[in-house]
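The residues making up each chain are set out below.
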Amino acid sequence: MDIEAVAARALKAALGVPAYLEAPKEAPEEFITVEATRATGGFADRVALDIDCLAPPNSRKRAKALAERVMGAVPELCSEPCIFAPAVANWYRMNEPDTNRSRYVVQVELTVCE
């Protein structure tokens, strides 16, 4: 399973905002990116995802509001086949260094059984 693609598609549907696996060069004002940062492997693969919530520069409140929406949608990832126990593990602010976009990162842990 391409957990990054599955999570991006599910969050895009739940939130109504663009979701990517890599930030596009011509990015919309607000969007999210999904990146797998850890996987244990095996049948019950424990996966960590970083979900970047980006807004225009100097729009910290918009980025934080998007992150809060993502955190609210994370439990619904279990409605996807083979995904179990999705939960927010952490979240923090970290502006995007190349573009200075406002960004919050939501760290998610879940189990993929295939």
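Given the structure is predicted, the values throughout are model-derived calculations rather than measurements. (Residues numbered from 1 in each chain as written. Predicted model: local features only at pLDDT ≥ 70, side-chain atom pairs only at ≥ 80, totals over all residues. Heavy atoms only, no water.)

Caption draft 1: Layout of the state of the cysteines. Counted according to the given criterion, the structure contains 0 disulfides. Sulfur of cysteine 78: no disulfide; nearest cysteine sulfur belongs to cysteine 113 and is 13 Å away. Here cysteine 82 stays free of any disulfide, with the sulfur of cysteine 113 as its closest cysteine sulfur at 7.5 Å. For cysteine 82, a relative accessible area of 32% puts it in the partly exposed group. (Disulfide = S-S within 2.5 Å. Buried < 20%, exposed > 50% of the residue type's maximum accessible area, 1.4 Å probe, protein only.)

Caption draft 2: Fine view of the packing of aromatic side chains. For the coordinates displayed, the defined rule picks out 2 aromatic pairs. An angle of 75° between the planes, with centres 5.7 Å apart, marks the rings of tyrosine 20 and phenylalanine 31 as edge-to-face. On the criterion of sequence distance, the pair formed by tyrosine 20 in strand E1 (residues 19-20) and phenylalanine 31 in strand E2 (residues 31-39) is long-range, its members being 11 residues apart. A relative accessible area of 2% means that phenylalanine 31 is categorised as buried. Pairing tryptophan 91 with tyrosine 104 gives two aromatic rings, centres 5.7 Å apart and planes at 35°, and the pair type is tilted. Remark: tyrosine 104 occurs in strand E5 (residues 101-113) and tryptophan 91 occurs in strand E4 (residues 83-93); sequence separation between them is 13 residues. Overall, tyrosine 104 belongs to the buried group, its relative accessible area being 6%. (Phe/Tyr/Trp six-rings, centres within 6.5 Å; stacked < 30°, edge-to-face > 60°. Helix = DSSP H or I, 4+ residues; strand = E, 2+ residues; numbered from the N terminus.)

Caption draft 3: Representation of the side chain of aspartate 50 within the structure. Here aspartate 50 is to be found in strand E3 (residues 44-57). Buried within the structure, aspartate 50 lacks any salt-bridge partner; arginine 103 is the closest side chain of opposite charge, at an N-O distance of 8.2 Å. A polar contact of 3.5 Å, which involves the side chain of aspartate 50, links it to the side chain of glutamine 107. Not counting the four nearest positions on each side in its chain, aspartate 50 is found in contact with Thr33, Val34, Glu35, Thr37, Tyr92, Val105, Val106 and Gln107. (Lys, Arg positive; Asp, Glu negative; His and termini not counted. Salt bridge = Lys/Arg side-chain N within 4 Å of Asp/Glu carboxyl O. Polar contact = N/O pair within 3.5 Å; in protein donor to acceptor, adjacent residues only side chain to side chain. Contact = heavy atoms within 4.5 Å.)

Caption draft 4: Molecular detail of the pairing of E5. Within E5, 11 of the 13 residues are buried, leaving the element largely enclosed by the surrounding structure. Bridge analysis of E3 against E5 gives 13 bridges, and the strand direction is antiparallel. Its bridge partner being in E5, leucine 49 is matched across the sheet by valine 108. Summarising the sheet, E4 and E5 pair through 8 bridges and their orientation is antiparallel. When the bridges of E5 are listed, tryptophan 91 appears paired with valine 106. (Pairing = 2+ DSSP bridges.)

Caption draft 5: Layout of helix H2 (residues 60-73). Spanning 14 residues, H2 covers 20 Å between terminal C-alpha atoms, matching the ideal 20 Å at 1.5 Å per step. Within H2, burial applies to Ala63, Leu66, Ala67, Val70, Met71 and Ala73. Projected down its long axis, H2 carries its buried residues within an arc of 160°, all on one side. Set apart from the buried face of H2 by more than 90 degrees, the exposed residues are Lys61 and Gly72. On its buried side, H2 packs onto helix H1 (3-15), E2, E3, E4 and E5. (Expected span 1.5 Å × (residues − 1). Arc of directions from axis to C-beta.)

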